[in-house]
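Structural overview for review
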Amino acid sequence: MTTLTAIAETALSSTSGEVDDLIEEHRAALLAYARNLLTDHHLAEDIVQEAFIKAWRHAERLRSQEGSMRGWLLKVTRNLIIDRMRSAHARRETLTHDSPDTAMPDQAESLLLSLDVVSLLRDLSPEHQEALVLIYVYGRTVNEVSHILGIPPGTVKSRQHYALRGLRKMHAGHYWP
């Protein structure tokens, strides 16, 4: 007897495999296209990642024989670039209720703290860095990180634990606000 969970897991794993193949086949072309339009390598990588997320969300398109897959991905990438360029983020606009004459708080302390954190993270192993960044920066759950990295949830928890312990040891005696 097949359970609903087993059916969902089978569908998810087959879609993930299709997306993996799709990424392997089209990533370089999409990245070159996005870099050419944006001239910002990191933003181009973000846009390409969003394009593959859209492909994963539209799994029915992956199985469709209609049109070119690369053409569809290029169109999605172009549309994401246009959306990003038109967004308030690209124009550095923010919505606020504050008067433009209101004094802004000094961010120097938080900037120094973030620089301390980055330098401490560099002293951790890549596996520990990866776990902490996915959990604390990107807000992923242990199960999501487990799926992303392809490791058991217990390993994710272990890496998180030992990474935090290592950070505490490295930072012992220093002041953190």
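Residues numbered from 1 in each chain as written. Predicted model: local features only at pLDDT ≥ 70, side-chain atom pairs only at ≥ 80, totals over all residues. Heavy atoms only, no water.

1. Considering the overall build of the protein chain
- Looking only at helices and strands, one finds eight helices and zero strands in the protein chain.
- Counting over 177 residues, the protein chain shows a buried share of 24%.
- A separation of at least 24 residues holds for 60% of the contacts in the protein chain among residues at least 6 apart in sequence. (Helix = DSSP H or I, 4+ residues; strand = E, 2+ residues; numbered from the N terminus. Buried < 20%, exposed > 50% of the residue type's maximum accessible area, 1.4 Å probe, protein only. Contact = heavy atoms within 4.5 Å.)

2. As for the side chain of Q160
- Tracing the sequence through the fold places Q160 in helix α8 (residues 153-171).
- According to the relative accessible area criterion, Q160 is buried, its value standing at 17%.
- For Q160, the side chain forms a polar contact with the side chain of Y136, separated by 2.6 Å.
- Residue contacts for Q160: discarding those within four places in its chain leaves A131, L132, I135, Y136 and V142. (Polar contact = N/O pair within 3.5 Å; in protein donor to acceptor, adjacent residues only side chain to side chain.)

3. Details of the nonpolar core
- In this structure, L22, L38, I47, V48, F52, W72 and L73 are the most contacted members of the largest nonpolar core, which totals 18 residues.
- Of all the secondary structure elements, the ones that give two or more residues to this core are α1 (4-38), α2 (41-57) and α4 (69-86).
- Per element, the largest residue contribution to this core is seven residues, and it comes from α2.
- Ranked by size, the runner-up nonpolar core spans six residues in total, among them L121, L124, L132 and A163. (Core = buried A, V, L, I, M, F, W, Y, C linked by side-chain atoms within 4.5 Å.)

4. Details of α4
- For α4, which comprises 18 residues, the first-to-last C-alpha distance of 26 Å matches the rise-based estimate of 26 Å (1.5 Å per residue) to within 8%.
- Along α4, the positions that sit buried rather than exposed are M69, W72, L73, V76, T77, L80 and I81. (Expected span 1.5 Å × (residues − 1).)

5. Points about the confidence of the model for the protein chain
- When pLDDT is averaged along the protein chain, the result is 76, and 67% of the positions lie at 70 or above.
- Across residues 1-14, where pLDDT falls below 50, the model places four contacts with residues more than four positions away in sequence or in other chains. (pLDDT = per-residue confidence, 0-100.)

6. A word on the side chain of H26
- By the secondary structure assignment, H26 is in helix α1.
- Looking at H26, the relative accessible area reads 5%, which means it is buried.
- In contact with H26, other than residues within four places in its own chain, are F52, M69, R70 and L73.

7. With respect to unusual backbone geometry
- Backbone geometry at T39 places phi at a positive 60°, although glycine is not the residue there.
- On the accessibility criterion, T39 (73% relative accessible area) is exposed.

8. Quick word on the packing of α2 against α4
- Their axes nearest at 9 Å, the elements α2 and α4 cross at an angle of 125°. Comparing the axis directions of α2 and α4 gives the class oblique. Considering the relative orientation of α2 and α4, their crossing is right-handed. Contact with α2, carried on its side by L43, I47, E50, A51, F52, K54 and A55, involves W72, L73, V76, T77, L80, I81 and R84 of α4 and no other residues of that element.
- When grouped by side-chain class, the residues that make up the contact of α2 with α4 number ten nonpolar, one polar and three charged. (Axes fitted to C-alpha atoms, helices over the stretch in contact; angles between N-to-C directions. Parallel < 35°, antiparallel > 145°, perpendicular 65-115°, else oblique. Left-handed = near helix turned anticlockwise from the far one by under 90°. Nonpolar A, V, L, I, M, F, W, Y, C, P; charged D, E, K, R; others polar.)

9. A closer look at the pattern of salt bridges
- Overall, the coordinates contain one salt bridge when judged by the stated rule.
- For R84, the salt bridge is made with E50, and the minimal N-O distance between the two is 2.8 Å. Of this pair, R84 sits in helix α4 while E50 sits in helix α2; the two residues are 34 residues apart in sequence, bridging distant segments of the chain.
- With relative accessibility at 22%, the residue R84 sits in the partly exposed group. (Salt bridge = Lys/Arg side-chain N within 4 Å of Asp/Glu carboxyl O.)

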